[in-house]
Structure formats: structure tokens, C-alpha cells
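Residue-level structural notes
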Amino acid sequence: MKYLVSFSRIVVGILFIISGYIKLNDPVGFSFKLEEYFSQGVLDLPFFMDYALIISIIVVIVEVLLGVMLLVGYRIKFTLWSLLLMIIFFTFLTFYSAYFNKVTDCGCFGDAIKLTPWESFSKDVILLVFILILFVGKKYIKPILSFNIERIVMVVSLLACALYANYVLNHLPVIDFRPYKIGANIADGMTVPENAPKAIFDYAWRFKVNGEEQVIVTQGDYPSVDGEFVDVETTEVQKGYEPPVHDFTVEQNGEDFAASLLQEPKLVMVIAYDLRKSTLDAFSEVKEVSDLAIKNGYKVIGMSASNETQTSDLKKQYQLDFDFYFTDETTLKTIVRSNPGILVLEKGTIKQKVHYNDFDELTFE
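Residues numbered from 1 in each chain as written. Predicted model: local features only at pLDDT ≥ 70, side-chain atom pairs only at ≥ 80, totals over all residues. Heavy atoms only, no water.

**Focus on the overall build of the protein**
Secondary structure assignment for the protein yields eleven helices and ten strands. Its C-alpha atoms give the protein principal-axis dimensions of about 80 × 70 × 40 Å. Burial statistics for the protein: of 365 residues in total, 45% are counted as buried. A sequence separation of at least 24 residues applies to 70% of the contacts in the protein between residues at least 6 apart. Of the accessible surface of the protein, which amounts to about 19,800 Å², a share of 57% is contributed by carbon and sulfur atoms. (Helix = DSSP H or I, 4+ residues; strand = E, 2+ residues; numbered from the N terminus. Buried < 20%, exposed > 50% of the residue type's maximum accessible area, 1.4 Å probe, protein only. Contact = heavy atoms within 4.5 Å. Areas by Shrake-Rupley, 256 points an atom, 1.4 Å probe, with all protein chains shown as cover.)

**Side note on the layout of surface pockets**
Considered as a void within the structure, the second largest pocket measures approximately 480 Å³ in volume. Lining the second largest pocket are 20 residues, with Val28, Phe32, Leu53, Tyr273 and Lys277 positioned closest to its centre. Within the residue set of the lining of the second largest pocket, elements represented by two or more residues are helix H2 (27–38) and helix H3 (52–72). No other element matches H2, which puts four residues into the lining of the second largest pocket. In terms of residue class, the lining of the second largest pocket is built from ten nonpolar, five polar and five charged. (1 Å grid on protein atoms, 1.4 Å probe; cavity = no way out; pocket = protein on both sides within 12 Å on 5 of 7 lines; lining within 4 Å. Points joined across faces, edges and corners; volume = space filled by probe spheres on them. Nonpolar A, V, L, I, M, F, W, Y, C, P; charged D, E, K, R; others polar.)

**Considering the environment of Val250**
Checked against the element boundaries, Val250 lands in the loop between strand E3 (228–238) and strand E4 (251–252). Spatially, the C-alpha atom of Val250 lies 17 Å from that of Gln310, the residues being 60 residues apart in sequence. Those residues in contact with Val250, other than ones at most four positions away along the chain, are Glu255, Asp256, Phe257, Ala258, Leu261, Ile301, Met303, Tyr325, Phe326 and Thr327.

**Quick notes on helix H6 (residues 147–170)**
With 24 residues, H6 ought to run about 34 Å at 1.5 Å a step, and its terminal C-alpha atoms sit 35 Å apart, in line with that. Among the residues making up H6, those that are buried are Glu150, Met154, Ser157, Cys161, Tyr164, Ala165 and Val168. Elements that come into contact with the buried residues of H6 comprise helix H1 (2–24), H2 and H3. (Expected span 1.5 Å × (residues − 1).)

**Details of the sheet that holds E3**
Overall, antiparallel pairing links the three strands, which are arranged E2-E1-E3 in an open sheet. At either end of the open sheet lies a strand with only one pairing partner, and these are strand E2 (212–218) and E3. Along the sheet, successive strands turn relative to each other by an average axial angle of 20°, direction set aside. Where strand E1 (residues 200–209) and E2 come together, seven bridges link them in antiparallel fashion. Opposite Phe207, over in E2, you have Gln214 as the bridge partner. (Pairing = 2+ DSSP bridges. Axes fitted to C-alpha atoms, helices over the stretch in contact; angles between N-to-C directions.)

**Some points on the pattern of salt bridges**
Scanning the entire structure with this criterion turns up 13 salt bridges. For Glu35, the salt bridge is made with Lys333, and the minimal N-O distance between the two is 3.9 Å. With Glu35 in helix H2 and Lys333 in helix H11 (residues 329–335), this residue pair connects regions lying 298 residues apart in the sequence. Between Lys287 and Asp291 there is a salt bridge, with the nearest N and O atoms lying 3.0 Å from each other. Placement of both Lys287 and Asp291 in helix H9 (residues 283–295) is noted, with a separation of four residues, approximately one turn of the helix. Put simply, Glu35, Glu329 and Lys333 are held in one network by salt bridges that share partners. (Salt bridge = Lys/Arg side-chain N within 4 Å of Asp/Glu carboxyl O.)

**With respect to unusual backbone geometry**
At the junction of Asn339 and Pro340, the peptide bond is cis and its omega measures out at 10° in the coordinates. The residue Pro340 is located in the loop between H11 and strand E9 (341–346) in this model. Despite not being glycine, Asp44 shows a phi value in the positive range, around 55°. Mapped onto the secondary structure, Asp44 falls in the loop between H2 and H3. Residue Asp44 is classed as partly exposed on the basis of its relative accessible area, which comes to 44%. You will see that Asp247, though not glycine, has its phi angle at about 60°, which is positive. Relative to the helices and strands, Asp247 resides in the loop between E3 and E4.

**Structural notes on the packing of helix H4 (residues 76–100) against helix H5 (residues 117–136)**
Relative to each other, H4 and H5 sit at 160°, their axes nearing to 8 Å. By the angle class used here, H4 and H5 are roughly antiparallel. As H4 packs across H5, the resulting crossing turns out to be left-handed. In terms of residue class, the contact of H4 with H5 is made up of 20 nonpolar, four polar and one charged. (Parallel < 35°, antiparallel > 145°, perpendicular 65-115°, else oblique. Left-handed = near helix turned anticlockwise from the far one by under 90°.)

Right, here's the structure in full:
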């Protein structure tokens with residue numbers, strides 16, 4: 001039992017720290033996931049949507065700290081109860097997502113590791129078992145440091161988490177796990193390889209044969225049946241390959257210009273997924289940066305999910321010398337965790353990507 005408890009302690013502690021750190025690296029992304037959970041049609045808790053970012057920061061810091069507390073053996077009783085309550089809550093969320101197919105990715109490991117809803121639920125159930133083992137064998141969980149040293153470790157861990165969160169919120173994630181990271185080519189990310197696995201579907205065909213219902217399952221072919229067709233149900237049994245970049249369009253007046261824009265040798269994208277939520281003061285600097293880019297031969301475009309009235313008003317207010325295109329809000333949120341943010345591309349390859357606090361770091365050659 002002693003060795004099982006030690007193993008469980010290490011597994012749970014490390015997983016909580018890794019999971020917490022990955023989300024701490026991108027708290028804005030995790031807050032978008034929480035907004036999904038709080039939205040109508042899922043948990044229907046709209047009140048919490050305005051506080052999603054604050055909640056995300058608190059949750060991920062607590063997650064990291066609980067992992068550290070378990071590994072060093074600090075306040076074991078409090079730590080175990082906190083771990084149990086947190087994993088029960090997460091297990092409920094992942095089961096709800098999986099059973100009702102509400103949120104297709106729990107965001108447990110951010111964009112680093114994508115899990116299906118049922119995979120997320122299974123992971124939480126396994127963690128729950130490990131935590132219950134820790135409860136049963138808590139007498140074997142001993143501190144590895146003196147109490148005063150443990151307190152210092154916890155204070156340092158808390159300060160490190162707070163400083164790290166502050167940095168990524170005011171700049172961009174230190175590690176970019178998304179398909180729009182610097183060096184990635186957007187057009188290549190949209191490509192499906194020739195040998196990529198295709199989606200496989202089971203078709204359950206229902207017929208009436210001699211007055212009795214008969215079901216025949218095929219994977220696409222219409223069955224040869226001497227009877228009256230009733231209906232067909234389709235079930236996906238194997239997912240097909242999905243390119244890392246999908247739903248990427250750059251539209252204007254109903255026409256998609258993505259393909260041609262991604263061939264531009266010098267392109268600057270000014271991205272603001274929702275102008276109502278943008279840091280509008282930053283557009284004074286956007287004006288300076290975009291004018292400099294145009295002077296140096298760059299094509300500059302704006303990308304937003306806001307309507308034409310909002311983008312037109314913004315152009316007039318800040319005298320922006322470029323046009324806005326429409327792109328899906330979720331895609332823009334994925335591209336850059338800044339509102340506004342700027343990307344510099346060369347024939348579809350991302351060369352620079354900055355938060356609005358770092359516009360002065362942009363270079364145009």
C-alpha cells in the first residue's frame with residue numbers, strides 16, 4: 001500500500017502541475033473555454049462569463065499549487081480534500097460535455113494535448129481513483145521538507161505563478177502550442193495529405209420487408225433489399241484527418257480572399273476579434289505601425305468578426321489606411337491572444353506575432 005500511495009502521489013502531483021502550467025501559459029485561452037461552459041445551451045451560467053478570465057487564472061494557479069503541496073507534503077488533509085473536490089468538479093464537467101456532446105474539447109491541457117470529451121472524462125476518472133487511494137493511505141504521505149521550508153516553497157510557487165500569469169496576459173503565451181505560431185505556414189496547415197485517414201461512417205438502413213422492419217448496416221453503399229425504404233441513421237465510427245488550420249477565411253463582400261492574401265510576400269494582419277472588447281487606445285499605435293508598414297511596401301489588412309459599421313467607425317476615428325475583412329471570431333481568438341494583435345507574414349508564413357503591448361518590437365524590412 002505504501003508504494004501504491006507513493007506512486008499515486010507522484011502521478012497526481014505531476015499531472016496537476018503540468019496541466020496547471022499549460023493552462024497558466026495561456027489563461028486567456030482557458031477563459032475562452034470557460035465561456036463555452038458558462039454559455040447558454042451548456043451550463044447556462046451567463047453571469048460568470050464576464051469573470052471567466054479571473055476564474056481561469058485562479059483555477060490554474062490553484063491547480064499548480066495543489067500539485068506542489070501534494071509532492072512536498074504540505075498540509076496534507078487540506079490538500080487531499082481540495083484535490084478531491086476539484087477532480088469531482090472536473091469529472092462532472094467532462095462527463096456532462098461527453099454525454100451531452102456540449103463542449104468538444106475540455107481544455108484540460110490547453111492546446112498542447114487535445115482530448116476528446118470521453119478521453120477527458122476517462123482521464124478524470126483515473127485521477128479520481130488515484131486521489132481516493134491517497135485518501136485511504138494518507139498516513140503514508142509524509143512531508144519531505146521542514147514546515148518552514150515548505151512554507152517558503154509555497155510562497156515562491158505562488159509568486160512565480162502570479163508573475164508568470166501577469167507576463168503572458170500582458171504579452172503572449174511563452175510557449176505557443178497553436179497552429180498559428182511563429183514559423184508556421186497557414187496555407188500548409190490547411191492542407192490534407194494524400195494518405196490522410198478519411199472519416200468512416202456506418203449507415204443503418206431501415207426497410208419494411210414483408211410487413212416487418214429490417215435494419216441493414218453498410219459503410220455507404222445502398223443495400224440491395226426487396227422492400228420499402230423507411231429511413232437511414234448515420235454514425236461516425238472513425239474520425240477523418242482534420243488539418244490543424246481549418247475554418248480560416250478572410251472575407252469581404254461575401255468573397256474569400258484567404259488564398260490570394262496568403263501569397264503576399266509582405267503582409268501585415270491587424271487582428272481584433274471583437275471591437276467592442278478591444279483595447280481601443282492601442283489603435284493609436286496601430287495607426288503608426290500600419291503606416292510604417294505601408295511605407296515599407298507591406299499590404300496591411302484588418303481582420304475582425306465585428307460588423308461593417310463598427311470597423312468603418314474605427315477606421316474613421318483612428319484614420320486607419322487599410323480595409324477590414326471578416327473572419328470567424330473563434331479563429332481570430334485562436335490566432336493571437338491579444339485584442340488587438342498584429343501578425344507579419346511572408347507568403348503565408350508567420351514571421352512576427354505580437355501583443356498590443358509589444359507593437360514597438362515589430363520590424364519591417
